[in-house]
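Per-entry structural report
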Amino acid sequence: MSVASSLPHDAARLHVTGAARYIDDIPTPKGCLHLAFGMSPVARGRITAMDLDAVRAAPGVVAVLTAEDMPFENDVSPSNHDEPLLAEGEVFYVGQPVFAVVAASHLAARKAAKLGQVNYEELEAILTVDQAMAANSRFEEGPRVYSKGDAAAALAKAPQVIEGSFEIGGQEHFYLEGQAALALPQEGGDMVVMSSTQHPTEIQHKVAEALGVPMHGVRVETRRMGGGFGGKESQGNHLAVACAVAARATGKPCKMRYDRDDDMVITGKRHDFRVTYRAGIDAEGRVLAVDFVHYARCGWAQDLSLPVADRAMLHADNAYLLDNIRIESHRLKTHTQSATAYRGFGGPQGMIGIERVMDHAAHVLGMDPVELRRRNYYAEAADGGPSAPRSAAPTPPEDILDPRKHVEYASRGSVSEVSQPGVPAAPKGAQTTPYGMEVEDFILHGLTDRLLETSDYAARRAAVAEWNASHRLVKKGIAFSPVKFGISFTLTHLNQAGALVHVYQDGSVHLNHGGTEMGQGLFQKVAQVAAARFGIGLEMVKITATDTGKVPNTSATAASSGSDLNGMAVKAACDTIRDRIAAFLAEQHQSEPAEVRFEGGRVHVGSESYAFAEAVERAYVGRVSLSATGYYKTPKVAWDRIKGQGRPFFYFAYGAAVTEVAVDVLTGENRILRADVLHDAGASLNPALDIGQVEGGYVQGAGWLTTEELVWDGKGRLRTHAPSTYKIPACSDRPEVFNVALWDGANREETIYRSKAVGEPPFMLGISAFLALSDAVAACGPHYPALNAPATAEEVWRAIGRARDGV
Amino acid sequence: MSLSIRLTINGAPRDIALEDARVTLLDLLRERLALPGTKKGCDRGQCGACTVIVNGKRVNSCLTLAATLDGAQVTTIEGLATGDRLHPVQEAFIEQDGFQCGYCTPGQIMSAVGLIAEGRAGDDPERIREGMSGNICRCAAYHGITLAVQEATRRMAEAEKGDAA
Ligand code: FES
Ligand code: FES
């Protein structure tokens, strides 16, 4: 049995020998040309003159492209067709590509790009939340509002009201492999593109649009990425489209990769948010009402900002049953990089809002913050395990067949294009989220108990208090935070996947599916599923590059959905072939197909048993098809994002963390001393890979909230565009003591082997590090520290002042 | 002006003509010598992805000018295994799950080989973390990386003892 085992990554040996190839490692075909962009130095302006003669004359330059040279569409947006690849008369952020240089080498292209003479009439740029609000510069007509109960009335009646506002910084993906693409022109105007992307279908679509060919004229291949984290869901479009257009124009293969600086300056990042809150609480710590306002800085183009901001709203409750809540969300348009997907996709920003409220309430009431949280938890699911499937109300078919051209169906950005009618309501009396979804699988009561025990929370909390009472210069803090994260694409139709499986005459299996590998171990997990279905060893299964020519119309590998969707699709394909072989052998042996068993590398039928390869050979000779596609669509989900009602998620993934920190009172310098994590991966398909995801998620989440600070100056220039100025957690920043365990329950929903998605949820465990810093700072004075994120040493130092002296 | 240097790369001597005196060792390896196992993460000495061993010491190959290396011995990730037999550090990275996306891995492994040779860290996790802190892993596989370095250090020390005995 190959599922549920801790096997290393599929490409482990390739990785440790340096043989694993990324885009820039693929030997380039002869005559390959290289691209670089000339970029805007101003945040907002009109192009008044463009003289590119010096660029054209530079050594090695073969061609220079501007917006006018784009033969068809000049657009790389995954949503709103508002993002020209090359600027069209106006520029909207510092770093925006204005022209592209095609040259004999990467260096020649980069050098030549610096020679462009472009004049701009500078216009006033909108950079901050306040500027955008004042100018009413936004996406969508006004704020989105989701609500439940009557927050205003409940606030008016509440015994006590707390309020505040805090800033939550963005985050640079810093996938260690920068963006890259390679376009190879084919006969008849077709194009093959190798891309470091989480979304090959989107690349295929945008390239086809730019070349004016049907999607069948473009094939996109992705073997692996050197990290993605959301930053390769839409941000690779630029390079792929530019390479394809240049390859079409020159007839030569074209490659592009961003240097690190350019990557950081050009590409979108996590949305930074301001969250303001008013919460009504009672003396027991019950949160009676909350009113949130989210201000998301989306940058200059829409990209995926609407679903990101939606998901922030959908996580404004986190683990807490709130009867009266209102969430107002402003999606602000600013002259900065177009903010994009990043692990958690807005969920973390929404979640930290309510965690802040809990923290603030506990401080005001002088209550233990864990106890206060538990009092507000959703009720525990009656049974932790699988339940009998309930018949859902029938949903009318979705009307997604609008013949309008260029709709971004396969993108999460297409929210405004597709309506979702017929959303069924949760049953009466059920505990529901602010968006009307019943919470049926809550396990945080039990999970919290276990974590508090294993982390020795109570004793350590007392020890921290004791330490703080006797130390003036170093204060300690400890904090607990839970995670409840919704799994599924909120754009319902994206919750589908396909797979293609071939079994060859010798019993070896070739496997392809729509998901992409970026280090999360998806390929390994999916191969385990295939091996288990056929009852064979993993060495018999070959996982091949994601390829739009093999599996079409795929969704991005995002929203943590990779294994859930693709695992099921692969299972379906394998089962089709298995059933065919079983039927064939059963007939030969006068047995029943259901009695044919595939296990231990053999196929058992009646009293007979064949090696798998032998059974396959017999089936082949018996003219049985040994190739099949598989398809899966997630059941139960239906969502109306305008009303904010429905069931956007198939299920929730849970987790919790306890973090302890120490803070130097004079400088604000700080350190994570210990972190304990308990995370729910359902019945894990591969515990070793899942633990890796949990650890990595925690560290990346803590990095976002502590050291990773993005700074733009008054001219809209990103000042932190290299690892020297943007501090990513290093090996030495990892908590000194770091205990990570998986919760041992199964998913109550019927997912692949009852596992749960694990890519994004653990990211939010890092919130406990932020809260622990807040706890340490609170030990410095009587006032609430009102910490902003990231809590850099400087911010911690400022907060110490606030704790001492009040704001 | 063209400049000629002699390097021993993964045990094999190579005479190399450099048209550009400013070419880095990293670009030389990746673009001229078809050794793309050494990765480019930042190209400015800040991430460690390009770490190789030069004359027994670990260096960031993106900061090292090839022209300054005449006569040097260079070991890259491609030259670490002996035939099919992996180096103990490579083995330990597989066993301890010392990576996710794998992009930092060649640099981490070469850095670990250098660190172990320096003999500064022993198998003390705190000092290993410090000694490996020049190698960023964005996937944050740090736990596995630390364990792998510890494990390899021990195994190599034992093997040495075995050899001496
Ligand atoms: S590429 Fe050399 S240190 Fe980053
Ligand atoms: S494994 Fe991805 S950067 Fe280290």
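What you see is a predicted model, and the numbers here were worked out from it, not measured in a lab.

Let us now look at unusual backbone geometry. Leaving glycine out, the prevailing phi sign among residues is negative, and the prevailing peptide bond configuration is trans. Residues and elements named next belong to chain A. For the bond from Ala 789 to Pro 790, the omega torsion is 0°, close enough to zero to count as cis. Note on placement: Pro 790 falls in the loop between α18 (767–778) and α19 (793–805). Its identity as a non-glycine residue notwithstanding, Phe 174 has a phi of 50°, on the positive side. Within the secondary structure, Phe 174 is located in the loop between β8 (160–168) and β9 (180–185). One non-glycine residue, Arg 754, adopts positive backbone phi at about 60°. Its location among the elements puts Arg 754 in the loop between β29 (737–743) and α18.

This next bit is on the interface of chain A and chain B. The interface is formed by 51 residues belonging to chain A together with 42 residues belonging to chain B. Summed over both sides, the interface of chain A with chain B buries roughly 3900 Å², with 56% coming from carbon and sulfur. When residues of chain A are sorted by the area they lose upon contact with chain B, Val 16, Leu 176 and Cys 731 of chain A head the list and together hold 20% of the total. Here chain A and chain B share six salt bridges between them. For Asp 25 of chain A, the salt bridge is made with Arg 30 of chain B, and the minimal N-O distance between the two is 2.6 Å. Connecting chain A to chain B are 19 residue pairs in polar contact (both at pLDDT 80 or more). Contributions of two or more residues to the side of chain A that touches chain B are made by α1 (12–17), α8 (260–266) and α17 (687–706) of chain A. Top element by residues in the side of chain A that touches chain B is α17 of chain A. It accounts for eight residues. Here the side of chain A that touches chain B is built from residues that sort into 22 nonpolar, 15 polar and 14 charged.

Residues and elements named next belong to chain B. Spatially, five strands are ordered β2-β1-β5-β3-β4 in an open sheet, and the strand pairing comes out mixed. Strand pairing shows two members of the sheet lacking a second neighbour, β2 (12–18) and β4 (57–60), which therefore form its edges. For this sheet, the mean inter-axis angle between neighbouring strands, taken without regard to orientation, is 40°. Pairing analysis gives four bridges linking strand β3 (residues 51–54) to β4, with the strands arranged antiparallel. The residue bridging Thr 51 from the neighbouring strand is Asn 60, located in β4. Set on the sheet, helix α1 (residues 25–32) makes contact with β1 (3–9), β2, β3 and β5 (73–75); between it and β2 the angle comes to about 100°.

Here we come to the pattern of salt bridges. Where charged atoms from two side chains of opposite charge approach closely, those side chains can pair. Applying the stated criterion to the full structure yields 73 salt bridges over all chains. One continuous salt-bridge network, built from bridges that share partners, spans Asp 24, Asp 25, Arg 110, Lys 255, Arg 257, Asp 259 and Asp 262 of chain A together with Arg 30 and Lys 39 of chain B.

Thresholds, definitions, all that
Along each chain, the written sequence defines residue order, and numbers are assigned to residues from 1. As they are written, the chains are lettered A onward and the ligands numbered 1 onward, keeping that order. Given that the model is predicted, a residue must reach a pLDDT of at least 70 before its local features are reported, and side-chain atom pairs must reach 80 or more before they are shown or counted; all residues, however, enter totals for whole chains, interfaces and linings. Just so you know, side-chain values use all the structure's heavy atoms and leave hydrogens and water out. Each helix is a run of H or I in the DSSP string that is no shorter than four residues. Each strand is a run of E no shorter than two, and both are numbered from the N terminus. The contact rule is simple, with two residues in contact once any of their heavy atoms fall within 4.5 Å. When two parts are put together, the accessible area they lose, computed with a 1.4 Å probe and summed over both, is reported as buried area. A pairing counts as a salt bridge when a side-chain nitrogen of Lys or Arg comes within 4 Å of a carboxyl oxygen of Asp or Glu. By the criterion applied in these results, polar contacts are pairs of N or O atoms within 3.5 Å in which, for protein atoms, one can donate a hydrogen and the other can accept it, and in which residues neighboring in sequence qualify only through two side-chain atoms. Ten residue types, Ala, Val, Leu, Ile, Met, Phe, Trp, Tyr, Cys and Pro, are classed as nonpolar, four, Asp, Glu, Lys and Arg, as charged, and the remainder, Gly among them, as polar. Paired strands, as defined in this entry, are two strands with at least two bridges between them according to DSSP. With axes taken as lines fitted to C-alpha atoms, and helix axes fitted only over the stretch in contact, angles between N-to-C directions fall between 0 and 180 degrees.

By themselves, these observations are geometric and do not establish any function.
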